[in-house]
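Per-entry structural report
This is what each chain is made of:
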Amino acid sequence: MPNYIVSPDILIYIFDMIGVIACAIAGTLLAQHKGFDIAGCILVSMANAIGGGTIRDVVLNRHPLFWMTDLNYVIVITITSLALQIFFHLYHKIDTALKLFDAVGLAAFSVIGLKVALSQGVAPVIAILMAVCTAIVGGLVRDIICNEIPLVLQKEIYITASVIGSCFYFLLDALGVQTGMNDLITLGVIFFIRVLALRFDWHLPSIRLVK
Amino acid sequence: MPNYIVSPDILIYIFDMIGVIACAIAGTLLAQHKGFDIAGCILVSMANAIGGGTIRDVVLNRHPLFWMTDLNYVIVITITSLALQIFFHLYHKIDTALKLFDAVGLAAFSVIGLKVALSQGVAPVIAILMAVCTAIVGGLVRDIICNEIPLVLQKEIYITASVIGSCFYFLLDALGVQTGMNDLITLGVIFFIRVLALRFDWHLPSIRLVK
Amino acid sequence: MPNYIVSPDILIYIFDMIGVIACAIAGTLLAQHKGFDIAGCILVSMANAIGGGTIRDVVLNRHPLFWMTDLNYVIVITITSLALQIFFHLYHKIDTALKLFDAVGLAAFSVIGLKVALSQGVAPVIAILMAVCTAIVGGLVRDIICNEIPLVLQKEIYITASVIGSCFYFLLDALGVQTGMNDLITLGVIFFIRVLALRFDWHLPSIRLVK
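Residues numbered from 1 in each chain as written. Chains lettered and ligands numbered in written order. Predicted model: local features only at pLDDT ≥ 70, side-chain atom pairs only at ≥ 80, totals over all residues. Heavy atoms only, no water.

Chain A has the name Glycine transporter domain-containing protein in an unreviewed UniProt entry, where Psychrobacter sp. is given as its organism. UniProt, in its Subcellular location (unreviewed entry) section for chain A, records the words "Cell membrane". The UniProt entry for chain A carries the following comment under Sequence similarities (unreviewed entry): "Belongs to the UPF0126 family." (UniProt positions renumbered as here; feature names shortened; annotations may be inferred.)

Topic: the relation of the copies chain A and chain C
For the pair chain A and chain C, the best superposition has an RMSD of 0.0 Å and corresponds to a rotation of 120° with a translation of 0.0 Å parallel to the axis. Taken together, the rotation and translation describe the operation of a three-fold axis. Take the interface residues of chain A: only 13% of them recur as interface residues in chain C, which is what a contact between different surfaces looks like. (Least-squares fit on C-alpha atoms with pLDDT ≥ 70 in both. Contact = heavy atoms within 4.5 Å.)

Points about the interface of chain A and chain C
Each side of the interface is counted separately: chain A has 30 residues, and chain C has 30 residues. Counting the surface lost from both chain A and chain C, the interface buries some 2600 Å², and carbon and sulfur atoms represent 75% of this. For the pair chain A and chain C, the interface holds 0 salt bridges. Scanning the region where chain A abuts chain C turns up 2 residue pairs in polar contact (both at pLDDT 80 or more). Every element with two or more residues in the side of chain A that touches chain C is listed here: helix 1 (8-33), helix 2 (38-59), helix 3 (66-69), helix 4 (72-86) and helix 6 (124-145) of chain A. Class assignment for the residues of the side of chain A that touches chain C results in 19 nonpolar, 9 polar and 2 charged. (Buried area = accessible area lost by both parts, 1.4 Å probe. Salt bridge = Lys/Arg side-chain N within 4 Å of Asp/Glu carboxyl O. Polar contact = N/O pair within 3.5 Å; in protein donor to acceptor, adjacent residues only side chain to side chain. Helix = DSSP H or I, 4+ residues; strand = E, 2+ residues; numbered from the N terminus. Nonpolar A, V, L, I, M, F, W, Y, C, P; charged D, E, K, R; others polar.)

Some remarks on empty space enclosed by the protein
Following the criterion strictly, the structure yields 2 cavities of 30 Å³ or more and no others. Space inside the largest cavity adds up to approximately 70 Å³. Lining the largest cavity are A:Asp143, A:Ile144, A:Asn147, A:Glu148, B:Asp143, B:Ile144, B:Asn147, B:Glu148, C:Asp143, C:Ile144, C:Asn147 and C:Glu148. Of all the secondary structure elements, the ones that give two or more residues to the lining of the largest cavity are helix 6 of chain A, helix 6 (124-145) of chain B together with helix 6 (124-145) of chain C. Partitioned by chemical class, the residues of the lining of the largest cavity number 3 nonpolar, 3 polar and 6 charged. Estimates place the volume of the second largest cavity at around 30 Å³. (1 Å grid on protein atoms, 1.4 Å probe; cavity = no way out; pocket = protein on both sides within 12 Å on 5 of 7 lines; lining within 4 Å. Points joined across faces, edges and corners; volume = space filled by probe spheres on them.)

Have a look at this one:
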């Protein structure tokens with residue numbers, strides 16, 4: 001293993017926390033918009049930030065769940081949600097930052113989901129599904145709780161970025177790229193696809209019923 | 001055990017796949033109607049086709065989940081959903097077929113749910129609940145994701161057909177009917193109740209609040 | 001251990017069943033209002049009454065689920081829901097009773113959730129989360145199925161009462177109060193906070209977005 005100044009695992013943990021913060025913010029904003037109280041906003045934040053990983057772990061029978069052993073998740077989400085509810089007037093200044101944070105989260109959650117699934121010995125296609133699950137199911141549950149049509153199923157370069165990144169991971173792995181390096185490259189690929197999609201407003205075609 | 005040309009297990013697997021295809025079609029149609037993109041439609045199809053079985057297995061602590069070891073499910077759903085999105089203009093021709101497929105699925109999913117639950121050693125009433133769960137929770141999750149009032153809770157001969165079929169299974173079992181034969185008879189009973197309900201527009205009374 | 005006329009465990013089981021009945025009634029009322037059929041109403045009642053405990057047990061990897069070994073839950077819910085659908089015209093007379101039943105349920109579910117989580121050896125903050133999960137997720141799932149904005153996230157002294165009660169439990173435990181007594185005191189604290197909140201229409205501030 002080569003020498004890194006910061007190990008890939010620590011970098012991914014940092015990116016993971018950035019994603020968690022982005023999800024907590026997105027969840028709190030929608031919950032406030034729906035008129036939920038302080039406790040309700042925190043709960044929606046939690047669903048948004050750790051819902052996907054929870055369903056991934058339950059489906060993979062991986063116990064105890066990641067947020068039960070590492071309390072940082074629950075603490076970071078609660079503090080983020082409370083801070084946002086107190087200083088909500090700063091919202092307009094965090095809008096662009098939120099999109100970047102969210103893209104970091106998409107990338108980190110996908111890579112973590114992929115690696116967790118592979119560590120449980122599932123088939124590659126299931127691992128890709130678990131990457132998508134980790135990355136988007138939190139936002140799905142948030143929108144379901146708030147009675148909204150799920151956003152992540154509409155802005156399609158979201159799921160697609162996660163799937164392309166996961167395929168890239170398997171390609172690089174087959175080419176013999178070392179794991180820690182591969183994690184970071186995959187994370188970068190997903191992040192840049194998402195940012196480019198945001199920047200140039202990319203969309204996959206959505207075929208509507210004629211009726 | 002008597003000699004069958006095709007074993008009951010293989011027949012039920014075929015009926016299961018017909019049900020999976022019906023669910024994938026129903027999920028894709030609603031998701032398209034909601035304006036979801038290609039990836040979103042595939043995801044809703046998966047929720048519809050394997051959501052009920054997933055919750056049944058999680059609740060029964062039966063790991064790995066059925067679609068993790070048999071990749072046919074994920075593959076069949078993805079191909080069905082993609083094919084439908086490409087050839088969607090054929091929709092009007094598949095409408096009647098879809099209802100029959102869906103009835104096959106209701107019957108196959110119920111029998112599979114019942115047998116899986118019994119193989120885990122639960123009480124009969126819980127096994128009936130798991131049959132209903134396998135048969136309807138996928139459609140429930142589809143409607144929840146798409147922000148619709150769940151259809152399966154309204155066209156009531158749906159759940160009822162599953163419950164009657166399950167009770168029939170226990171009756172025949174008590175009468176000493178051999179398992180493979182019993183599976184097929186139960187499957188037929190549920191299928192015909194559902195088809196008759198569709199044909200003659202049967203409904204259980206729904207008591208509304210007076211207010 | 002001191003001598004009780006009725007043991008705290010039996011008392012909590014009775015309060016638990018009162019809560020289950022309250023949830024079954026609330027679920028049936030909303031499902032009827034949505035025009036669901038008899039089977040649909042029973043299913044929503046079950047989601048409401050045992051949904052939170054189910055997710056708690058799945059998340060804590062505690063199998064078999066509580067309602068699989070103790071069939072009283074499924075039976076009590078089915079009978080309650082059916083009785084209400086048959087004698088629905090009595091609704092106006094049970095409105096006040098329902099609110100009290102519901103408060104008993106909130107208290108009993110919270111205490112049970114807290115103790116189950118602690119028996120699995122999780123951290124206190126996770127145990128508090130599991131108490132909230134047991135108490136409110138059933139109502140959340142009910143509202144999600146019925147396509148409504150979740151009520152429990154809006155009438156905030158609901159979650160708050162559960163959290164305050166749980167904190168109280170840890171405080172009394174640290175002070176050396178014996179477990180059975182502590183359970184009953186905590187249950188009483190949550191019940192009275194909720195009843196006072198109902199009586200005096202208490203609300204936590206809900207900070208809305210300015211835009």
